[in-house]
Amino acid sequence: MAKYDYDLFVIGAGSGGVRAARLAAMTGARVAVAEEHRVGGTCVIRGCVPKKFMVYASEFAQHFKAAEGFGWSHCDMTFDWPRFLDAKDVEIARLSGIYVNNLQNAGADIVHERAELLDAHTVKLTPTNQTLTADKILIATGGRPTVPQDLPGIEHAITSNEAFHLEKLPKRIMIVGGGYIAVEFAGIFNGLGVDTCLMYRGANILRGFDNDVRSHLTGEIEKRGIKVILGTEHTRIEKTDTGTFLNHLTNGHVEETDVVMYATGREPYTAGLGLEKAGVKLNERGAVVVDAFSKTNVDNIWAVGDVTDRINLTPVAIREGAAFAATVFGDNPTSFDHDTVASAVFSQPPIGSVGLTEAEARHQVGKVDIYRAVFRPMKVTFYGGDERMLMKLVVDAATQKVLGCHVVGPDAPEMIQMAAIAIKMGVTKQQWDSTCAVHPTAAEELVTMREKYVPIELAMA
Ligand code: NDP
């Protein structure tokens, strides 16, 4: 008789956990996955996927605006939020069902309960109180939104979790934060006709992105009607008798809105998992500490995805999960290479970014060549809009290796996937330029930037 109930017990059926469980089960291992909410995790249930549907829904406002310039009339459409929510929920349920089927077809058991470690090989399930044992454990519990607990009135604020289920669209919203989630939801609500204010404590949104990208995006979202307040925080949030909120700000202003949304980061979801009982080491942010093979300090316990706080992106969690399965159940030691991972921000306009920012490159290699284009795409010039696209290449001046590519504008996320292949392969600027343009596209600008960009301040010096 087997020593344990399972060969592998996965806690968390999100992107990383499901991939790992499925691949492990396909090797013949006896696998169970516990999920306290719905199978699919943050990405499918309350993250990337429903967010992208909301982005699609909200982009129509811009399409209708452009349509009139192309000869269409009667473009003053109305938007039905409850109808959209219903359609979104149907699609999310379908996708979650596919995850369930994939797990079951691979032979994994799904346990719809909360799992907590009692020791390195035993989990307790809630609510049934059943205990199960496993030879190996994989922690894949992801992250959850975090808000400043000490802010007076923070209990009135929603996070992205609730933004997917608002009963009705507010007239006015205050979104706090300057990261991915804040700028994406600012674009969504603004596109859906909500009077949107984005408030960020720093000098420029999207810290960590290339500075040109950050300032370009700020200008573009302001053009689309988002009010951006920088260098400011809440002193308190006050609920009025009519149910609205007064946002008292450090700049002395008071902004009244119907909803306040905090998008101030996510924290690894390790609380209450019993990791201390199993002796699993956490870092100061509460993330599970792992090695390159996603192994914790405990010999039979691994962790993948946002709970390890490495690069918190779905495709990274999936690759970490796959690498774990290959290493532990496929007899093929595999570690995911976290270098040069591209990402997209589904702001409006969106961002695609891969490799080093200009500042990072200057710091790492010293002298860099910058190629940059800012222009109105042909669709925009036709209808008389003033939205501009930004494309930027960061090149190592000594080796001519392309170190970074940054695009802001329509289809930037689609473009960056292709650029990422070349940059990951170590492409040089000469090889990049030897690629013939695809015409007429905006992307052709990427392979036709020949003049080095010199900022005006330097050119005048
Ligand atoms: P981010 O870490 O990207 O941004 C958090 C923002 O909140 C920062 O601007 C930060 O400011 C600000 N902030 C933090 N604490 C406070 C505070 N106490 N008061 C005011 N502002 C504060 O987190 P997100 O929540 O936007 O996203 C979480 C993660 O999810 C991302 O890092 C990303 O990995 C992932 N994600 C990816 C997406 C994609 O791929 N398209 C989409 C959505 C999420 P400061 O910069 O000053 O620290």
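Just so it is clear, the structure is predicted and the values come from calculations on it, not from any experiment.

Procedures and definitions
Residues numbered from 1 in each chain as written. Predicted model: local features only at pLDDT ≥ 70, side-chain atom pairs only at ≥ 80, totals over all residues. Heavy atoms only, no water. 1 Å grid on protein atoms, 1.4 Å probe; cavity = no way out; pocket = protein on both sides within 12 Å on 5 of 7 lines; lining within 4 Å. Points joined across faces, edges and corners; volume = space filled by probe spheres on them. Nonpolar A, V, L, I, M, F, W, Y, C, P; charged D, E, K, R; others polar. Core = buried A, V, L, I, M, F, W, Y, C linked by side-chain atoms within 4.5 Å. Buried < 20%, exposed > 50% of the residue type's maximum accessible area, 1.4 Å probe, protein only. Helix = DSSP H or I, 4+ residues; strand = E, 2+ residues; numbered from the N terminus. Contact = heavy atoms within 4.5 Å. Axes fitted to C-alpha atoms, helices over the stretch in contact; angles between N-to-C directions. Parallel < 35°, antiparallel > 145°, perpendicular 65-115°, else oblique. Left-handed = near helix turned anticlockwise from the far one by under 90°. Near = heavy atom within 4 Å. Polar contact = N/O pair within 3.5 Å; in protein donor to acceptor, adjacent residues only side chain to side chain. Areas by Shrake-Rupley, 256 points an atom, 1.4 Å probe, with all protein chains shown as cover. Pairing = 2+ DSSP bridges.

A. Main features of empty space enclosed by the protein. Tallied over the entire structure, the rule returns 2 cavities of 30 Å³ or more. Of the volumes computed, that of the largest cavity is approximately 40 Å³. In terms of lining, the largest cavity is formed by Pro145, Thr146, Val147, Thr159, Ser160, Ile181, Tyr262, Ala263, Thr264, Gly265 and Arg266. Of the residues in the lining of the largest cavity, the class split is 5 nonpolar, 5 polar and 1 charged. Approximately 30 Å³ is the volume attributed to the second largest cavity.

B. Molecular detail of the nonpolar core. Ranked by internal contacts, the top residues of the largest apolar core, which has 38 residues, are Ile175, Phe185, Phe189, Leu198, Leu217, Met261 and Ile351. Listed by contribution, the elements that provide at least two residues to this core are helix H3 (48-69), helix H4 (81-106), strand E8 (172-176), helix H6 (180-191), strand E9 (195-200), helix H7 (211-223) and strand E14 (259-262). A per-element tally of this core places H6 first, with 6 residues. Once residues within four sequence positions are removed from consideration, Leu217 is found in contact with Val183, Ile205, Leu206, Ser347, Pro349, Ile351 and Val408. Ranked by size, the runner-up nonpolar core spans 25 residues in total, among them Ala24, Ala25, Ala106 and Ala108.

C. Looking closely at the packing of helix H1 (residues 15-26) against H4. Two numbers describe how H1 lies on H4: the axes approach to 8 Å, and their chain directions differ by 25°. One finds that H1 runs roughly parallel with respect to H4. With respect to the hand of their crossing, H1 and H4 are arranged in left-handed fashion. Contacts between H1 and H4 involve Ser15, Val18, Ala21, Arg22, Ala25 and Met26 from the first element and Tyr99, Asn102, Leu103 and Ala106 from the second. Residues belonging to the contact of H1 with H4 are distributed by class as follows: 7 nonpolar, 2 polar and 1 charged.

D. How the structure looks around the site of the ligand. Around the ligand, a shell composed of 19 residues is seen, among which Ile181, Tyr200, Arg207, Asn312 and Ala344 lie nearest. The contact in question runs from an oxygen atom of the ligand to an N or O atom on the backbone of Gly178, over 2.9 Å. One nitrogen or oxygen atom from the side chain of Tyr200 is found 2.8 Å from an oxygen atom belonging to the ligand. A total of 900 Å² of accessible area belongs to the ligand in isolation, and the protein chains cover 77% of it. Per-element tally for the shell around the ligand: the top contributor is H6, with 3 residues. Considered class by class, the residues forming the shell around the ligand number 7 nonpolar, 6 polar and 6 charged.

E. View of the sheet that holds strand E13 (residues 254-257). The 3 strands are arranged E11-E12-E13 in an open sheet whose pairing can be described as antiparallel. A single partner strand is all that each edge strand has here, and the edge strands are strand E11 (234-239) and E13. The mean inter-strand angle of the sheet, taken between neighbouring strand axes irrespective of direction, is 20°. Across 4 bridges, the pairing between strand E12 (residues 245-249) and E13 is antiparallel. The residue of E13 that forms the bridge with Phe245 is Thr257.

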